[in-house]
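# Coordinate analysis (summary)
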Amino acid sequence: MNNLPIIRLQDITKKFDKAPVVDHVSLDIHQGEVLAIIGPSGSGKSTLLRMMNLLEEPTGGSLFYHERNVTKDEIKPNVLRQKVGMVFQSFNLFNNKNVIDNCLIGPRITKKTPKEPMIAMAHENLKKVGMDDFSSAKVSTLSGGQKQRVAIARALSMSPEVVLFDEPTSALDPELVGEVLTVIRQLAVQGMTMVIVTHEMAFARDVASRVIFIDEGKIVESGTPDQVFDMPQKERTQAFLARFNRRF
Amino acid sequence: MPAGFFPGVWYLLQTKWMIFLSGVLVTLLISILGTIFGFLFGLVLATLRLLPHDKRQTWIMKALRSVAEISSKIYIQVFRGTPMIVQAVVIYYGVLALFGYWNAMVAGIVVVSLNTAAYMAEIIRGSVQGIDKGQTEAALAVGMTYFQLMRHIVLPQALRHAIPAFGNELIVNIKDTSVLSVIAVSDLFFSSKFIITNNFRPFEVYFIISVIYLLLTLSTSAILKRVEKRLHMAPVSVPTSQTVPEVIEVSHE
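Residues numbered from 1 in each chain as written. Chains lettered and ligands numbered in written order. Predicted model: local features only at pLDDT ≥ 70, side-chain atom pairs only at ≥ 80, totals over all residues. Heavy atoms only, no water.

## Section: the overall build of chain A
Per the secondary structure count, chain A includes nine helices and ten strands. The globule rule puts the C-alpha radius of gyration for 248 residues at 18 Å, and the 18 Å found for chain A is close to it. Oriented by its inertia axes, the alpha-carbon framework of chain A measures out at about 55 × 45 × 40 Å. Out of the 248 residues in chain A, the part that is buried amounts to 58%. In chain A, the share of contacts with a sequence separation of at least 24, taken over all contacts with a separation of at least 6, comes to 66%. (Helix = DSSP H or I, 4+ residues; strand = E, 2+ residues; numbered from the N terminus. Rg over C-alpha atoms; globule rule 2.2 N^0.38 Å. Buried < 20%, exposed > 50% of the residue type's maximum accessible area, 1.4 Å probe, protein only. Contact = heavy atoms within 4.5 Å.)

This is the structure in structure tokens:
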């Protein structure tokens, strides 16, 4: 692990109508790390994640990418996003493109690389997620799990340094969750740096190298999966995990 | 000219068909070109109203964006808020006063284009705003700029959804070109006036041109329906300038 983080959030805050949703959070993401963000609904997890690629503009604080201040325009947001991929809860595949074009459109427009290696790479990424056989399929014909796997391949096609996952399985039928989690797990094994907002506690425990628990826009607890899940120090974390365990 | 309504109609069709036909051609030419140019200009107007609001923009960019937005808004309000017949006389006589000469046909195309652009802009804007926000976010997330995502992701989807509304505008224009007779454009309606001055049988002449207008709009509507079907278009609700006649499909089962 490098000493310098890829992404650094410094005292970052987001307010909606003057109410803080993310409240003075500082956080580093290092290369090779798999960070799971857990917490109750409305705690600010997704907003925090969306500030990491500036889909959400922070109200206060700074975002650094390789120590360059993105919030002060030392690097442009679209350049940052080419290196920080994102997978959404509701997939958001481009409806006017087929599967392979969903993977090609980003690199084709934003990078000036030759066409042939780009296509080969898109196929490679579709293979990784088990969707290469569907490369010419319309996205409307795919199941939710397949769509999400294509969305992961699309993110990988940009050769990102970090991939952000915003509740990647929340919109899926229970029987389709497994196929998506398997793909993310494989990426973790391959050393991909990832930040995952999730409600899948068993998955977070299994795949993450670090877990943070967020409540009311603040990091309440942070540590290894064992520390956070087995020996939570804060009452709020204990209550959340206890309630979660009762439900499942 | 024979006495009686139907013999009169038959006589007019036999003797004046060339005039009716040239009127139809002028009407079609003006409405088709007016719709195409109106679409292109409407796209520009819609783009001006949809410029991105970015906190990072410099104050000059913010000021320019506001000017563009307001100008587009005023244009749309003016052209949607005044009748085309008034727009036709103001534009035609205005340019005439300035330059001394203006071809009525060109004036007609310009008037229809400018008028249509205001409606097209609103159709496109509504259609763009109807595209799921997730499409924009996903395009941003792969590093596209606002203009790249508009060009490659949002506009292709929005324009496809708006095809039925664009078709409606064409049909509306076929009917509305009739007001251009006020600036002596020799369209279908104007040609009827010309025939009437020769034979003084207005009812027969207006009956014929009303049937021609109906045939034009119904056949255009049928053609557009086939195009939409071919494109597998689902009907979507987008604002149009007014309602148009429908081809009623009769089931034979």
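## Re the sheet that holds strand E2 (residues 19-29) of chain A
Taken in spatial order, the four strands of this open sheet run E2-E1-E4-E5 (chain A), and their pairing is antiparallel. The strands lining the two open edges of the sheet, one partner per strand, are E2 and strand E5 (68-69) of chain A. (Pairing = 2+ DSSP bridges.)

## Focus on the side chain of Arg8(A)
All names here are of chain A. Among the secondary structure elements, arginine 8 is positioned in strand E1 (residues 7-16). In terms of polar contacts, arginine 8 uses its side chain to reach the side chain of glutamate 67, at 2.8 Å. Not counting the four nearest positions on each side in its chain, arginine 8 is found in contact with Leu27, Asp28, Ser62, Leu63, Phe64 and Glu67. (Polar contact = N/O pair within 3.5 Å; in protein donor to acceptor, adjacent residues only side chain to side chain.)

## Some thoughts on helix H3 (residues 99-110) of chain A
Most of H3(A) is tucked away: ten of the twelve residues are buried. When we look at burial in H3(A), the residues that qualify are Val99(A), Ile100(A), Asn102(A), Cys103(A), Leu104(A), Ile105(A), Gly106(A), Pro107(A), Ile109(A) and Thr110(A).

## Some words on the nonpolar core
One finds Ile7(A), Ile37(A), Leu48(A), Met52(A), Val195(A) and Met144(B) to be the most contacted residues of the largest nonpolar core, which totals 77 residues. It is helix H4 (residues 104-129) of chain B that contributes the most residues to this core, twelve residues altogether. Formed by 38 residues, the second largest nonpolar core is a distinct cluster that contains Val99(A), Leu126(A), Val150(A) and Phe165(A). (Core = buried A, V, L, I, M, F, W, Y, C linked by side-chain atoms within 4.5 Å.)

## Points about the side chain of Asp23(A)
All names here are of chain A. Relative to the assigned elements, aspartate 23 resides in strand E2. Separated by 2.8 Å, the side chains of aspartate 23 and lysine 218 make a polar contact. Ignoring any residue separated from it by four or fewer positions in sequence, one finds aspartate 23 in contact with Ile12, Thr13, Glu216, Gly217 and Lys218.

## Concerning a nonpolar patch on the surface
On the surface, Trp17(B), Met18(B), Leu21(B) and Leu25(B) cluster together into a nonpolar patch covering about 440 Å² of accessible area. Tracing the sequence through the fold places Leu25(B) in helix H1 (residues 5-49). (Patch = residues over 30% accessible without salt bridge, like charges linked within 9 Å, V, L, I, M, F, W, Y side chains within 5 Å. Areas by Shrake-Rupley, 256 points an atom, 1.4 Å probe, with all protein chains shown as cover. Salt bridge = Lys/Arg side-chain N within 4 Å of Asp/Glu carboxyl O.)

## Considerations on the packing of H4(B) against helix H7 (residues 163-176) of chain B
Axes are the key here: two packed helices are described by the angle between their axes and the distance separating the axes. Residues and elements named next belong to chain B. Packing of H4 against H7 leaves a shortest axis separation of 11 Å and a crossing angle of 155°. Taken together, H4 and H7 sit at an angle that is classed as roughly antiparallel. Like other packed secondary-structure pairs, H4 and H7 cross with a definite hand, here right-handed. Here H4 contributes Val112, Thr116, Tyr119, Met120, Ile123 and Ile124 to the contact with H7, which in turn contributes Ala165, Phe166, Glu169 and Asn173. The residue inventory of the contact of H4 with H7, partitioned by class, reads seven nonpolar, two polar and one charged. (Axes fitted to C-alpha atoms, helices over the stretch in contact; angles between N-to-C directions. Parallel < 35°, antiparallel > 145°, perpendicular 65-115°, else oblique. Left-handed = near helix turned anticlockwise from the far one by under 90°. Nonpolar A, V, L, I, M, F, W, Y, C, P; charged D, E, K, R; others polar.)

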